[in-house]
Amino acid sequence: MKVWNVAAAGAVQAEAALAEAGALLRAGGLVAFPTETVYGLGANAWDEAAVRRIFAAKGRPSDNPLIVHVDSRAMLAGVVQGAIPRLAEKAMEVFWPGPLTLLLPAHPRLAPSVHPGVATVGVRCPSHPVALALLGKAACPVAAPSANRSGRPSPTSAEHVAADLAGRIDGLVDGGPCPVGVESTVAWIADGEVVVLRPGSVTPADLERALGLPVRSAAEHSGEQGVPLAPGMKYRHYAPDAQVCVWVGDAPAVRRAVEAFWDERASGRRVALITPGWRPASGRKPLAVWSPPTGEPYAAALARELYRLLRRFDELGAEFIFVHGVPASGIGAAVMNRLAKAAEGRVVQL
Ligand code: TXA
Ligand code: MG
């Protein structure tokens, strides 16, 4: 696996590195790269053999469709069939480049494995400058799921990608840590409504404001006629070896609940803790604690760090991970969606 560190390189070196990585992608190679959300594992979306290698490298179920990445509206030719519906145009205008994936009719030129069993393709234009530059060099649409082994947390740094996929892929573009940290919002736009299949940092309120349509979440329709589901949401997601427990509420109430649970169930055990800033009263010694840097909003910082922390706490051998959760508004909805999966439902509202 060739690694290009473009975060540390000067402009000229970075350009040369991305040209090389782009050519490798174009020619059928598997190249992981940073986006603003998480690292993606890319392949030329027109090359069936290359796209199949993504599934093999990740151990991904073959019926789970991939998101195709483009650097411009011009690159949508050969990805989306027919004219772009007016509302999708509007969404692209407002939210691209950025973490919004739209489901649109798939173009026949796409490798069939990009969209197994569905007539739509998920497309997005990432805002990360390295991703945009790489797509430009590749000069083809790039199919890319998150660059983790299936069942592992999405990677938010090049180290995470290497830990999961070294030896299984051809290249890795290291652009430093991902600024958002949770995967893109996946949305389906119909005439009269928008359905969010996977919550992300583009929120239902953002979509409602921009498109003037009511927005529903996938949980509210769960597979009714004519409304797509994201197949990926049905697979078991990463849950750490540690038991994750989440409490949502104000700081004094969450602190009391954590301390009571700790004394009753986790006394003397290896506990990792995620809080907005409070610390447990003396007598309870955590193995590790994370809180956001002062001044940074908790929900956004937690979104950025969550997957890294889950990987880290597992490596440290934590038996419990206690998390002070966030209100499910703004990016908080995406954070709580991922946390509830990691906690296998152990979320307490106080
Ligand atoms: O932020 C992201 O979206 C990252 C970066 C790399 O762009 N990618 C990502 O891809 O998270 P992946 O494959 O890990 O998740 C894609 C999700 C899955 O739940 C998949 O089932 C759903 O999107 N999806 C993709 N295409 C779809 C389609 N045509 N219809 C329904 N769901 C689709
Ligand atoms: Mg994924």
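This text gives an overview of the structure that appears in the document.

Description of the sheet that holds strand 12 (residues 243–248)
Reading across the sheet, the five strands line up as 14-13-15-12-16 and stay open at both edges, with parallel pairing between neighbours. With one partner strand each, in any of the chains shown, strand 14 (288–290) and strand 16 (347–349) form the two edges of the open sheet. Here the strands of the sheet are splayed against their neighbours by 15° on average, with no regard to which way each runs. In this structure, strand 12 lies alongside strand 16, joined through three bridges in parallel fashion.

Comments concerning the nonpolar core
With 52 residues, the main nonpolar core has Leu41, Val68, Trp96, Leu100, Val123 and Leu207 as its most contacted residues. Membership of the second largest hydrophobic core comes to 30 residues, among which are Val248, Leu302, Leu306 and Met336.

Comments concerning the pattern of salt bridges
Following the criterion strictly, the structure yields 19 salt bridges and no others. With a shortest N-O distance of 2.8 Å, arginine 284 and aspartate 263 are connected by a salt bridge. Remark: aspartate 263 occurs in helix 8 (residues 251–265) and arginine 284 occurs in the loop between strand 13 (271–274) and strand 14; sequence separation between them is 21 residues. On the basis of relative accessible area, arginine 284 is assigned to the buried category, the value being 18%. Linking arginine 308 and glutamate 305 is a salt bridge whose minimum nitrogen-to-oxygen distance equals 2.6 Å. Of this pair, arginine 308 and glutamate 305 both sit in helix 9 (residues 298–315), three residues apart, which is roughly one turn of the helix. For arginine 308, a relative accessible area of 32% gives the class partly exposed. The class of glutamate 305 is buried, set by a relative accessible area of 13%. Three or more residues are tied together by salt bridges with common partners; here these are Arg255, Glu259, Asp263 and Arg284.

Parameters at a glance
- Residues numbered from 1 in each chain as written.
- Chains lettered and ligands numbered in written order.
- Predicted model: local features only at pLDDT ≥ 70, side-chain atom pairs only at ≥ 80, totals over all residues.
- Heavy atoms only, no water.
- Pairing = 2+ DSSP bridges.
- Helix = DSSP H or I, 4+ residues; strand = E, 2+ residues; numbered from the N terminus.
- Axes fitted to C-alpha atoms, helices over the stretch in contact; angles between N-to-C directions.
- Core = buried A, V, L, I, M, F, W, Y, C linked by side-chain atoms within 4.5 Å.
- Buried < 20%, exposed > 50% of the residue type's maximum accessible area, 1.4 Å probe, protein only.
- Salt bridge = Lys/Arg side-chain N within 4 Å of Asp/Glu carboxyl O.

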